[in-house]
There are 2 protein chains.
Amino acid sequence: MLQAILLTTLGITSARAADPLSSWNDGSTKQRIVEFVRSVTTAGGPHFVPVSQRIATFDNDGTLWSEQPAYFQLQFSIHRTRQLVASHPEWRNTQPFKAALANDLVALTSGNHKLFLDLTASTCGGLTVNELHAEVAAWLKSARHPRFKRPYTDLVFQPMLELLAHLKANRFKSYIVSGGDLEFMRAWATRVYGIPPERIIGSRLKTRSILRDGKPTLLRLQEFEFFNNAAGKPISIRKFIGRRPIAAFGNSDGDLQMLQWATTGTGKRLGVIVRHTDREREWSYDRKSRIGHLDKALDEAAKHKNRWAVIDMQNDWKVVYPFELAK
Amino acid sequence: MLQAILLTTLGITSARAADPLSSWNDGSTKQRIVEFVRSVTTAGGPHFVPVSQRIATFDNDGTLWSEQPAYFQLQFSIHRTRQLVASHPEWRNTQPFKAALANDLVALTSGNHKLFLDLTASTCGGLTVNELHAEVAAWLKSARHPRFKRPYTDLVFQPMLELLAHLKANRFKSYIVSGGDLEFMRAWATRVYGIPPERIIGSRLKTRSILRDGKPTLLRLQEFEFFNNAAGKPISIRKFIGRRPIAAFGNSDGDLQMLQWATTGTGKRLGVIVRHTDREREWSYDRKSRIGHLDKALDEAAKHKNRWAVIDMQNDWKVVYPFELAK
């Protein structure tokens, strides 16, 4: 309300143009986020943060785009398995390939996602970085999400795109800190989110520098170097960014340590959980889900309400996906 | 000359103010660098490179500051050994500590620097990131270089500081890609070079996220995760930056693969070697040196003169260190 008055005073009349988060319902969650950004960017104010330290980190799966019925990268790995099985007939009877060929998402995401990780190493490794990017680009062009019959990149969250733009307008640097494969992410996330490659952090496969046609090129090995999840997230944030974020956004217990890392620094901090509460427009799941398992982080949010906020997708978001705006 | 005329036309009269590389002697090396920057930043020109792709990578030891009589980080590790030996009496008779306590720089830098690396892991690991930063800061305050009797950070190269500033003014993003420990570098390099922590890449120790006084903190283990040298440099560049640099600067064979990686991309490229040719003002060494061994990279530079340049420190630099300007 105060903001509306101020904006009117400034001569901005269109409510839509005035509101950088127009796909968010007015309410406490939106208010918390807007107020946080305002307070850390108000020069001379008690919570002012210089531009160089305005770092925000975002999980990807379930935070910036959907992750059901299974992580989209897993869908890519299943596609790769089908693509490669002809030259690997033994895969028909060995895991994790057998589960992938049977589209057995439950098996692939059970028990700490072991089969999923093995499948990632086997099907996303063994080729150069450029080759992987080409494979991901081709898949994104042809693949369709089983429920929405749309390209997977259509299933990004419109309110989160607006939030990224709002942070950018306020001179934040937003990073993606994903459990997904670093190069899988980079193959599309810059185009879709406007986040440059140097601000995309993910899980890493071991990589070797080789000569091909006399030129150096980078070969991805079929072995993980670092799984960028849970306690791995603050470690990667320190390694890649070297500063502690003042805001972090996640949706599962895999983001708990990143949220703790961001919110336990000095000064004003914000940790936000995207809670999947919308069975109609998206999905509804949390404490009992194999995918996007959200349990401890939800308890932590309840304990530290002054620094944490929980987005209730059903109530806080006017629209979920960008394509709803075109209706 | 043409540049001087243009600048005069623009109303800039002081030659010193007009020359961003005023500590460089006029000559082909300076000309190559100035011309490279001009051509990739000339809008509409045949070699124009958009701002987002203006990435330059710099080795540190021997490229941005001196590295004799031994890498300065090794001097810090020797200091740490002396500091810690009282609580590790067994170090007096075991390597690499014995060599460190004897200040045996030859032993420590022989045979692929094995003892140096072991010493780094033992003396720069086993403490938190913040603790290491505090130790490095304290050491830099008190330690003096054996030849110049000055703080180690006084021994940065004035012409390279000017080059970093010139690239920044032309909207390049410069990264440090050092074989040195990532956090040892970050403890001082932002202040000294003006390069933010997220653009400092180095060797990494394994790190663990732990709780201390109930707050998450990052403990550096006494084990290398990645040695950021030679073939490791392009791998780290891909991992951290995700773009190929259009210019790279190094001084030894440990930079060869980074220089090849930068110069074999498409479009205009520049690879530069800082050659230590100045026994009077700095040091003179190359093909036979244990430290800053420069052999294959020098041959490569001779083969690809259109894309590589070699700085002859004695002839190309008017001054070496910033403190010479104050004389």
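Just so it is clear, the model here is predicted, and its values are computed rather than measured.

Draft legend 1. Here's a closer look at the relation of the copies chain B and chain A. Mapping chain B onto chain A is achieved by rotating through 180 degrees and translating by 0.0 Å along the same axis, at an RMSD of 0.0 Å. With respect to symmetry, the two chain copies, as superposed, fit the operation of a two-fold axis. Minimal C-alpha distance to the rotation axis in chain B is attained by Phe240 of chain B, lying at 3.2 Å. In this assembly, 100% of the residues forming the interface of chain B have copies in chain A that are likewise at the interface, indicating an isologous arrangement.

Draft legend 2. Examining the interface of chain B and chain A more closely. Of the residues lining the interface, 33 residues belong to chain B; the matching set on chain A comes to 33 residues. Here chain B packs against chain A, burying approximately 2800 Å² in sum over the two surfaces, 57% of which is carbon and sulfur. Per-residue buried area on chain B facing chain A is highest for Glu198, Arg238 and Lys239 of chain B; these three make up 23% of the total on that side. Joining chain B to chain A, the criterion identifies eight salt bridges.

Draft legend 3. Geometry of the nonpolar core. Within the largest apolar cluster, 56 residues are counted, with the highest numbers of intra-cluster contacts made by Phe58, Met160, Leu163, Trp188, Tyr193, Phe249 and Trp317 of chain A. Apart from the residues lying within four places of it in its own chain, the contact partners of Phe58 of chain A are Leu64, Met160, Leu163, Leu164, Leu167, Ser174, Tyr175, Ile176, Val177, Phe249 and Met258 of chain A. Counting 55 residues, the second-largest nonpolar core is a separate cluster that includes Leu64, Phe72, Cys124 and Trp139 of chain B.

Draft legend 4. Structural context of the pairing of strand 3 (residues 200–212) of chain A. Pairing between strand 2 (residues 173–181) of chain A and strand 3 of chain A: three bridges, direction parallel. Bridging across to strand 3 of chain A, Ile176 of chain A finds its partner in Ile200 of chain A.

Draft legend 5. Inspection of the environment of Gly265 of chain A at higher detail. With respect to the secondary-structure elements, Gly265 of chain A resides in the loop between helix 13 (256–263) and strand 6 (270–277). When the C-alpha positions of Gly265 of chain A and Pro151 of chain A are compared, they lie 39 Å apart, and in sequence the two are 114 residues distant.

Draft legend 6. Inspection of helix 4 (residues 72–84) of chain A at higher detail. Residues and elements named next belong to chain A. Taking 1.5 Å of rise per residue, 13 residues should cover 18 Å, and helix 4 covers 19 Å from first to last C-alpha, within 8% of that figure. Restricting attention to buried positions, one finds in helix 4 the residues Phe72, Gln73, Leu74, Gln75, Phe76, Ser77, Ile78, Arg80 and Thr81. Of the surrounding secondary structure, the elements contacted by the buried residues of helix 4 are helix 5 (97–101), helix 6 (105–109), helix 7 (114–124), helix 8 (129–142), strand 2 and helix 10 (182–186).

Draft legend 7. Summary view of the confidence of the model for chain A. All names here are of chain A. In this model, chain A carries an average pLDDT of 94, and 95% of its residues clear a pLDDT of 70 or more. A low-confidence stretch, residues 1–13 stays under pLDDT 50, and its non-local contacts, those more than four residues away or across chains, total four contacts. Here the predicted complex scores 0.93 on pTM and 0.92 on ipTM.

Draft legend 8. Here's a closer look at the packing of helix 12 (residues 232–240) of chain A against helix 13 of chain A. Residues and elements named next belong to chain A. For the pair helix 12 and helix 13, the least separation of the axes is 7 Å and the interaxial angle reads 50 degrees. Judged by the inter-axis angle, helix 12 sits oblique to helix 13. Contacts between helix 12 and helix 13 involve Lys233, Pro234 and Ile237 on the former and, on the latter, Gln257, Met258 and Trp261. In terms of residue class, the contact of helix 12 with helix 13 is built from four nonpolar, one polar and one charged.

Draft legend 9. The arrangement of the environment of Pro146 of chain A in detail. Residues and elements named next belong to chain A. Within the element layout of this structure, Pro146 appears in the loop between helix 8 and helix 9 (158–169). Along the sequence, Pro146 and Asp213 sit 67 residues apart, while their C-alpha atoms lie 41 Å from each other. Look past the residues within four positions of Pro146 in its chain and what remains in contact with it is Pro69 and Tyr152.

Draft legend 10. Spatial organisation of the side chain of Glu67 of chain A. Residues and elements named next belong to chain A. Looking at the element boundaries, Glu67 is found in the loop between strand 1 (55–58) and helix 4. It is Lys233 that comes nearest to the buried, bridge-free Glu67 among opposite-charge side chains, at 9.1 Å. A polar contact is formed between the side chain of Glu67 and the side chain of Asn251, at a distance of 2.9 Å. Among all residues touching Glu67, those that are not within four sequence positions of it are Asp61, Gly62, Phe72, Asn251, His276, Tyr285, Ile291 and Gly292.

Draft legend 11. Structural view of the packing of aromatic side chains. Residue and element names in this part refer to chain A. Within this structure, the stated rule accounts for 41 aromatic pairs over all chains. Each ring, one from Trp65 and one from Trp188, has its centre 4.1 Å from the other, and the planes form 15 degrees; the classification is stacked. Residue Trp65 is found in the loop between strand 1 and helix 4, and its partner Trp188 is found in the loop between helix 10 and helix 11 (189–193); the two are separated by 123 residues along the sequence. A ring pair is formed by Trp139 and Phe184, whose centres lie 6.3 Å apart and whose planes are at 50 degrees; its orientation type is tilted. Of this pair, Trp139 sits in helix 8 while Phe184 sits in helix 10, and the two are 45 residues apart along the sequence. You can call Phe184 buried: its relative accessible area is 1%. These aromatic residues form a ring-pair network of at least three members: Trp65, Phe72, Phe76, Trp139, Tyr152, Phe184, Trp188 and Tyr193. In this structure, Arg150 is placed above the aromatic ring of Phe323, and the distance from its NZ or CZ to the ring centre is 3.9 Å.

Draft legend 12. Quick peek at the pairing of strand 4 (residues 215–226) of chain A. Residue and element names in this part refer to chain A. One ladder, built from eight bridges, connects strand 3 with strand 4; its direction is antiparallel. Bridging from a neighbouring strand, Arg204 pairs with Phe226 of strand 4. Linking two consecutive strands that pair antiparallel, namely strand 3 and strand 4, is a turn of two residues; a positive phi of about 50 degrees is found at Asp213 within it.

Draft legend 13. Region of the structure containing the environment of Ile195 of chain A. All names here are of chain A. For Ile195, the location among the structural elements is in the loop between helix 11 and strand 3. The exposure class of Ile195 is buried, given its relative accessible area of 3%. In the structure, Ile195 is positioned 20 residues away from Lys215 in sequence and 29 Å away in space, judged by C-alpha atoms. When residues no more than four places from it in sequence are discounted, the contact partners of Ile195 are Leu164, Ser174, Ile176, Ala189, Thr190 and Ile200.

Draft legend 14. Layout of the pattern of salt bridges. Enumeration according to the criterion identifies 42 salt bridges over all chains in this entry. One salt bridge connects Lys233 of chain A with Asp255 of chain A, and the closest N-O pair in it is separated by 2.8 Å. Of the two residues, Lys233 of chain A is situated in helix 12 and Asp255 of chain A in the loop between strand 5 (247–250) and helix 13; the sequence distance between them amounts to 22 residues. Both residues of the pair, Lys233 of chain A and Asp255 of chain A, belong to the buried class. A salt bridge links Arg38 of chain B to Glu35 of chain B; its shortest N-O distance comes to 2.9 Å. Of this pair, Arg38 of chain B and Glu35 of chain B both sit in helix 3 (residues 28–41), three residues apart, roughly one helical turn. Among the ionic contacts, a cluster of salt bridges with common partners joins Asp19, Asp26 and Lys30 of chain A.

Reading guide: rules and limits
Residues numbered from 1 in each chain as written. Chains lettered and ligands numbered in written order. Predicted model: local features only at pLDDT ≥ 70, side-chain atom pairs only at ≥ 80, totals over all residues. Heavy atoms only, no water. Least-squares fit on C-alpha atoms with pLDDT ≥ 70 in both. Contact = heavy atoms within 4.5 Å. Buried area = accessible area lost by both parts, 1.4 Å probe. Salt bridge = Lys/Arg side-chain N within 4 Å of Asp/Glu carboxyl O. Core = buried A, V, L, I, M, F, W, Y, C linked by side-chain atoms within 4.5 Å. Buried < 20%, exposed > 50% of the residue type's maximum accessible area, 1.4 Å probe, protein only. Pairing = 2+ DSSP bridges. Helix = DSSP H or I, 4+ residues; strand = E, 2+ residues; numbered from the N terminus. Expected span 1.5 Å × (residues − 1). pLDDT = per-residue confidence, 0-100. Axes fitted to C-alpha atoms, helices over the stretch in contact; angles between N-to-C directions. Parallel < 35°, antiparallel > 145°, perpendicular 65-115°, else oblique. Nonpolar A, V, L, I, M, F, W, Y, C, P; charged D, E, K, R; others polar. Lys, Arg positive; Asp, Glu negative; His and termini not counted. Polar contact = N/O pair within 3.5 Å; in protein donor to acceptor, adjacent residues only side chain to side chain. Phe/Tyr/Trp six-rings, centres within 6.5 Å; stacked < 30°, edge-to-face > 60°. Lys NZ or Arg CZ within 6 Å of the ring centre and 35° of its normal.

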